[in-house]
Amino acid sequence: MSEAMRQVRDALGEDAVIIATRNRRGGVEITAAVEQPAPAPVPAAAPLAPASPSASGMAGVERLAQALAFHGVPKRLNERLCLAAAALNSADPVLALAGALDATFSFQPWPERPERPILLIGPAGVGKTVTTAKLAARAVLTGTAVTVITCDTHRTGGVAQLAGFTELLRQQLLQVESANDLGAAIAAFAHRGPIFVDTFGVNPQNQQELRDLSGFIAAATVEPVLVLPASGDPAELAEVANAFAGIGARRLFFTRLDASRRYGAALSAAEASGLSIAGASITPFVADGLHALNPVSLARLLLRDPDAARLELEFEEAAE
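Described in the following lines is the structure provided in the data block. (Residues numbered from 1 in each chain as written. Predicted model: local features only at pLDDT ≥ 70, side-chain atom pairs only at ≥ 80, totals over all residues. Heavy atoms only, no water.)

1. Looking at the sheet that holds strand 8 (residues 251–255)
Put simply, the rule is: Two strands qualify as a pair provided DSSP detects at least 2 bridges between them. Under the DSSP-based scheme used, a helix requires at least four consecutive residues in state H or I and a strand at least two consecutive residues in state E, with every element numbered from the N terminus.
Here 8 strands make up an open sheet; going across it, the order is 5-4-6-3-7-8-9-10 and the pairing mixed. Edge positions in the open sheet fall to strand 5 (172–175) and strand 10 (290–291), since each of these has one partner strand only. Pairing analysis gives 2 bridges linking strand 9 (residues 276–281) to strand 10, with the strands arranged antiparallel. The residue bridging Ala-280 from the neighbouring strand is His-291, located in strand 10.

Written out as structure tokens, the structure reads:
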């Protein structure tokens, strides 16, 4: 993916807008576009009156504004996205919104074989354990051996839940009690393949719990990825994302898209924290449901009929 992105930038320049990405056998496919250069300025001797937006353009922006308002996107962010979409002057509302999302957010899907151990962090009950199992299952289904580690040893049933998944996958589950134990386990199994680490739930309002989690993050060369539900109160989720960004999170993964109708809180969390969007879970099934989010797939989600079934079709069609 990194090499493909480099080729896109070499061919189209740094201003290229990534429209869609798709895994293919032996590589990846990226669809990208670039805005046409602005026309030469009109000489001062012949000034032109400002052009009024066309009726169709205004209708398109109004549709975007209404869709974003339905999702509970905060007014300031709604206006920012609509202005960016209008500037692209695209007749296709999905592509217009995709361009605006690409200009506003960072999208960094994680690879199937991450170079560093993935440490899933976040509040209690957001889906870290199931996401850990899904990541492990995705790797195992491609023939890759993985190591799964849990730091969540004090929650009732926490180890048992993850152990049930790893037993089905025929992969080893390691339990660690301390940050030092985590560092030692990662060092011992780093040669084996990808490592996925489930952590204990942390109250983002509790500074001691955040410091405790920081110790686990610092114990080894890991990538902490914040896991959050796709819906909720936008201001609350933004504060939560900021708290975890402050202790090292750089990417954001959303759960429960299939159980949510409004995604404004997810956008608010990503914008406020500056975290890159890694992907989302769209089903409760461990063997499926992990999807990368790119500007087009996210735009389709925001503009889809909220009462339509088969959420996964949005991702399949975006990939095509």
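After that view of the structure, there is still more to cover.
2. Some remarks on the packing of helix 9 (residues 234–245) against helix 10 (residues 264–273)
Short version of the rule: Lines fitted to the C-alpha atoms define the axes, with helices restricted to the stretch that makes contact. Angles between their N-to-C directions range from 0 to 180 degrees. If an angle is under 35 degrees, it is roughly parallel; if it is over 145, roughly antiparallel; if it lies from 65 to 115, roughly perpendicular; otherwise it is oblique. In this scheme the crossing of two helices becomes right-handed for a clockwise turn of the near helix relative to the far one and left-handed for an anticlockwise turn of less than a right angle. The contact criterion used throughout is that any non-hydrogen atoms of two residues lie within 4.5 Å. Under the scheme applied here, ten amino acids are nonpolar (Ala, Val, Leu, Ile, Met, Phe, Trp, Tyr, Cys and Pro), four are charged (Asp, Glu, Lys and Arg), and all others, including Gly, are polar.
At a closest axis distance of 8 Å, the pairing of helix 9 and helix 10 adopts a crossing angle of 40 degrees. Considering the angle they form, helix 9 stands oblique to helix 10. Viewed along their axes, helix 9 and helix 10 form a crossing whose handedness is right-handed. Taken together, the residues of helix 10 that come into contact with helix 9 (itself represented by Pro-234, Leu-237, Ala-238, Ala-241, Asn-242 and Ala-245) are Ala-265, Ala-266, Ser-268, Ala-269, Ala-272 and Ser-273. The residue inventory of the contact of helix 9 with helix 10, partitioned by class, reads 9 nonpolar, 3 polar and no charged.

3. Observations concerning the pattern of salt bridges
Counted only if it meets this: By definition, a salt bridge exists where a carboxyl oxygen of Asp or Glu is found within 4 Å of a side-chain nitrogen of Lys or Arg. Type-normalised accessible area, obtained with a 1.4 Å probe on protein chains alone, sets the label of each residue: buried when under 20%, exposed when over 50%, and partly exposed for intermediate values.
Counting across every chain of the model gives 3 salt bridges. Between Glu-271 and Arg-80 there is a salt bridge whose closest N-O contact spans 3.0 Å. Of this pair, Glu-271 sits in helix 10 while Arg-80 sits in helix 3 (residues 75–88), and the two are 191 residues apart along the sequence. With relative accessibility at 19%, the residue Glu-271 sits in the buried group. One network of salt bridges, in which partners are shared, links Arg-76, Arg-80 and Glu-271.

4. Focus on the nonpolar core
Among soluble globular proteins, nonpolar side chains are generally buried collectively. Cut-off, in case you're wondering: Here, the term nonpolar core denotes a set of buried Ala, Val, Leu, Ile, Met, Phe, Trp, Tyr and Cys residues that are joined through side-chain atoms within 4.5 Å.
Ranked by size, the top nonpolar core spans 67 residues in total, and within it Phe-244 and Phe-254 carry the most contacts. Ranked by size, the runner-up nonpolar core spans 24 residues in total, among them Ala-137, Leu-162, Ala-163 and Leu-173.

5. Remarks on the environment of Ala-270
You can see Ala-270 is positioned in helix 10. As a C-alpha pair, Ala-270 and Leu-252 span 18 residues in sequence and 7.4 Å in three-dimensional space. When sequence neighbours within four positions are dropped, the list of residues in contact with Ala-270 reads Phe-105, Leu-252, Leu-275 and Ile-277.

6. Focus on helix 7 (residues 179–189)
Owing to its 3.6 residues per turn, the α-helix brings residues three or four apart onto one side. Quick reminder of the rule: Directions drawn from the helix axis to the C-beta atoms are what define this arc.
Three or more residues of helix 7 are buried, namely Ala-179, Leu-182, Gly-183, Ala-185 and Ile-186. Taken down its axis, helix 7 places every buried residue within 165 degrees of arc, on the same side. Exposed residues lying more than 90 degrees from the buried face of helix 7 are Asn-180 and Ala-187.

7. So, the side chain of Thr-147
Relative to the elements of secondary structure, Thr-147 occurs in strand 4 (residues 147–150). Overall, Thr-147 belongs to the buried group, its relative accessible area being 1%. In this view, Thr-147 contacts Gln-172, Leu-174, Phe-189, Arg-192, Pro-194, Ile-195 and Phe-196; residues no more than four positions away in its chain are not counted.

In short, the description is geometric, and any link to function would need to be established separately.
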